[in-house]
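Geometric and topological summary
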Amino acid sequence: MHGLLETIAIEVDLCAPGWERIIDPSPPVEIIARDIIFGEGPTWDARGKQLFFTDIIGDTIWKWRPGVGQEVVLSPSVKANGTCLDLENRLVVAGWGGRTVFRMEKNGTWKTLADRWQGKKLNSPNDIVVKSDGSVWFTDPPGGLLNVGMVGPDLQRYLETQPVFRISADGKEMTVVAEDNTYPNGLCFSPDEKILYVNDSRERVIRAYDVKPDGSVGKSRVFHKYTGPERGVPDGMKCDVDGNVWCTAPGGIWVHDPSGKPIVRIKTEGHHPTNIAFGDDDWKSLYITNIGSVVRTRVNIAGVPSR
Amino acid sequence: MTWNFERVAGPCKGRTGGLAWDGKAMLFSAVAEERILRYDPSNGETTVFRGWTGRTNGIAIAKDGTVFGAQEGGRRVVHFLADGSTAPTQELLDGAHHNQPVDLTIDSKGVVWIADAYNATPPYGPPAYPFLPHASVLRMDSYGPGSYRLTRVTHDTAGPRAVLLSADEKTLYVADGDVERGDVCQLFAYPLDRHGVAGHRKTLLNLAANERGIEGMCLDSDGNIIACMGWNKSGCAPSVVVISPGGTILDTHPAPADVPMRCAFGDADLGTLYVTAGDGGLYRAKGIGRKGLKRS
C-alpha cells in the first residue's frame, strides 16, 4: 500500500529552531530500488561501497552499488529483517521469520549465531547492531510470527517475553539486556556508546538505557513518546555524530536531539518508511527503506558510521 | 423446554470464540487473550491448550487430531501441530492475501472451509497488503503435507461470520454479515456439487437492519442448525436458536450471556451444548433434548 514512485518527494515539517543543520528544505530524492515488496534492514558497507538491504516479504537480502545496481545476496532469506556489519565487516542479520541471528562468513557461507534462548526458539529477531567491542545486540519481538506475508515455517511463540538480547563478542554467551518493551524494534547506540536506544512499536515510545561496562544496562527512561494521530509506529532507528536520534515513526522520519526533543520530521510523502541507514563516503546520504522501495536523500549531518 | 446454562470456565478477557470437542474435553478460544483453552468436564479444570495464538477464533479438529485455527490477527489459517509447533497454511487466494478468517470447519475429506471476513480489530503488522474487495467463504484443499490451495466458494457474501456443513456435506450453511460493520445479517444455504462448487443459494434467515446475526453454529443429530445470535443492544435478544434445514426457527432460548458467540456439542454422546459469549465465559447446558451430530 503505497503511492506512485514517479511522484515520490522528500518533504520536511515539524521544524524546530536549528533544524537546518539537519537537512535542507527541499532535499533530493533518488530511487535505489523499486521492485521490492517490503524494504528493511539497510546498512552501508563503506569498504565495499555498497548498500545492503532486505525485502522481508520478497524473502531476499539485496546489495546495491551506485552505478551498478541491485544484486541478490541471499534468497530465500528466511524473511530476513535488520542487518549490520561486525568488526570484520561481515554482514550480521536478524533472521525474523526464520527466528535466528546469522552471519555471512568470508567464504560466503552462513553461520547461525543464535536461534534459542534457554532451550526455546527465539521470537523473531527484528533489528540488530554491533557495538565497537564486537558484541551483537538485537531485538526479539513476536511480529515475525504474526505479520502478514512475513512468517516462517513455525509461527508458534515459545518465549514469555520479548527481550533485547546481547551476544558476546566471542559468540559464546547470550544474555537478556532488557525485557521492559512490549514490542522492541529498532535499536542503536549513542556515538559514545554510553546510551542504548530501543524503540517500542506497540507503545510508540523510544526508551534510553545507560550502558554499563560489563554489557548490561541500567533502568530505562522514556526518551520520547509519539502521541500524534498519524499512521505508523517507531521502527528503524540510527544516531548521527551529534547524538541526535533518527527514527522512522508516525508520519515520517523524526530527528530528536539528545534530550528527546524533535528537531525536524522528514517525510517520504505517500510512502511508508520502515528503516534508515546513513551512508556514502561522507555518511551524509540517508538511505530510506519503504514498503515497496528504497530511496536515497542527502542530509547536512553525518551519521554514526555503521563500521 | 428450558435450557439451563451454567458457566463452567471464564470469564476470559474479551469475547470467547470458537469451540471444538476433542473427544474428552472442550477446546475454546479466548480470542483477546490469544489462547486456546481446554475445559475438561471430568474434573472441571480449564488448562491452556495453546498460547500465543495470534487472536485465533474459530477452531476445528482434523482426523489426525491436529487443530486448525482461524487466526484473525495474522490473516491466515494456522495448523496447530501435535509437537506444539504451529504451521502456516496458504495465505494467498489467486496471488492476493485474503482477509481475516474468523471461523472454519473441516469436512470428511479434510477440506477446510473458511469464513474469511472483514474484522473490527485490524491485523498485526504494517499495512503492506490491502484487504480483498470481497469477503467470501474459501475452501482450502491439501496437496500433501503443508501444501494447500485456496479457492473462493461464495461470490455473493458481505462478510461471512460462520460456516457449517450439513450431515451429508451437500449443503454449506453460511452466516453472513456483521452488524457491527453495518451489514444486514442473513443465513444462507448453498448446495455443493461433488466437486465442492457452490450453486445458487437459498436464504434461510434475513434479519432486519441493526439486528445482530449468527456468529456461530453447529449441527444437531437431526440435522438442525443450532445458532448463536442477537444482543441486548437492539433487535432480537441474545439467543440460541434451533433452525430447521429449511429455515424454520423451531426453538428460541435465551442465551446465557449477552453477545452469544459460538456453540458446539460435547460430553458423552455429545449430549451437552457448550456456548461462548461476549462476557468471556464458557457455558454449557445439559439435557436439552438434543444431541450433537456425530460425523464419521
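So, here is what we can say about the structure in this document. From a predicted model like this one, the values you see are computed outputs, not experimental measurements.

Rules used in this analysis
Residues numbered from 1 in each chain as written. Chains lettered and ligands numbered in written order. Predicted model: local features only at pLDDT ≥ 70, side-chain atom pairs only at ≥ 80, totals over all residues. Helix = DSSP H or I, 4+ residues; strand = E, 2+ residues; numbered from the N terminus. Buried ≥ 20, exposed ≤ 12 C-beta atoms within 10 Å, placed from the backbone. Contact = placed C-beta atoms within 7 Å. Nonpolar A, V, L, I, M, F, W, Y, C, P; charged D, E, K, R; others polar. Pairing = 2+ DSSP bridges. Axes fitted to C-alpha atoms, helices over the stretch in contact; angles between N-to-C directions.

Before going further, it helps to examine the overall build of chain B. Helix and strand counts for chain B come out as zero helices and 26 strands. When the backbone C-alpha atoms are referred to their principal axes, chain B occupies close to 50 × 40 × 35 Å. For chain B, the proportion of its 296 residues judged to be buried stands at 51%. For chain B, long-range pairs separated by at least 24 residues make up 46% of all intrachain contacts whose partners lie at least 6 apart in sequence.

With that settled, the discussion passes to the interface of chain A and chain B. Across the contact, 17 residues belong to chain A and 21 residues belong to chain B. Of the residues in the side of chain A that touches chain B, the class split is ten nonpolar, five polar and two charged.

This next bit is on the environment of Val304(A). Residue and element names in this part refer to chain A. Tracing the backbone shows Val304 in the segment after β27 (293-298). Through-space distance from the C-alpha of Val304 to that of Tyr209 is 18 Å; in sequence the pair is 95 residues apart. If sequence neighbours within four positions are ignored, Val304 has contacts with Pro191, Lys238, Cys239, Asp240 and Val241.

Right, let's talk about the sheet that holds strand β26 (residues 282-286) of chain B for a bit. Residues and elements named next belong to chain B. Strand order across the open sheet formed by four strands is β1-β26-β25-β24, with antiparallel pairing between neighbours. Two strands close off the open sheet at either side, each with one partner strand: β1 (5-9) and β24 (260-266). Adjacent strand axes in the sheet meet at a mean angle of 30° when their direction is disregarded.

Let's shift gears to the sheet that holds strand β3 (residues 26-30) of chain B. Residue and element names in this part refer to chain B. With antiparallel pairing, four strands are arranged side by side in an open sheet as β2-β3-β4-β5. Looking at the sheet topology across the chains shown, the edges are occupied by β2 (16-21) and β5 (45-50). Within this sheet the neighbouring strands show an average axis-to-axis angle of 30°, counted without direction. Pairing geometry for β3 and strand β4 (residues 35-40), over five bridges, is antiparallel. Pairing of Leu27 across the sheet is with Arg38, part of β4.

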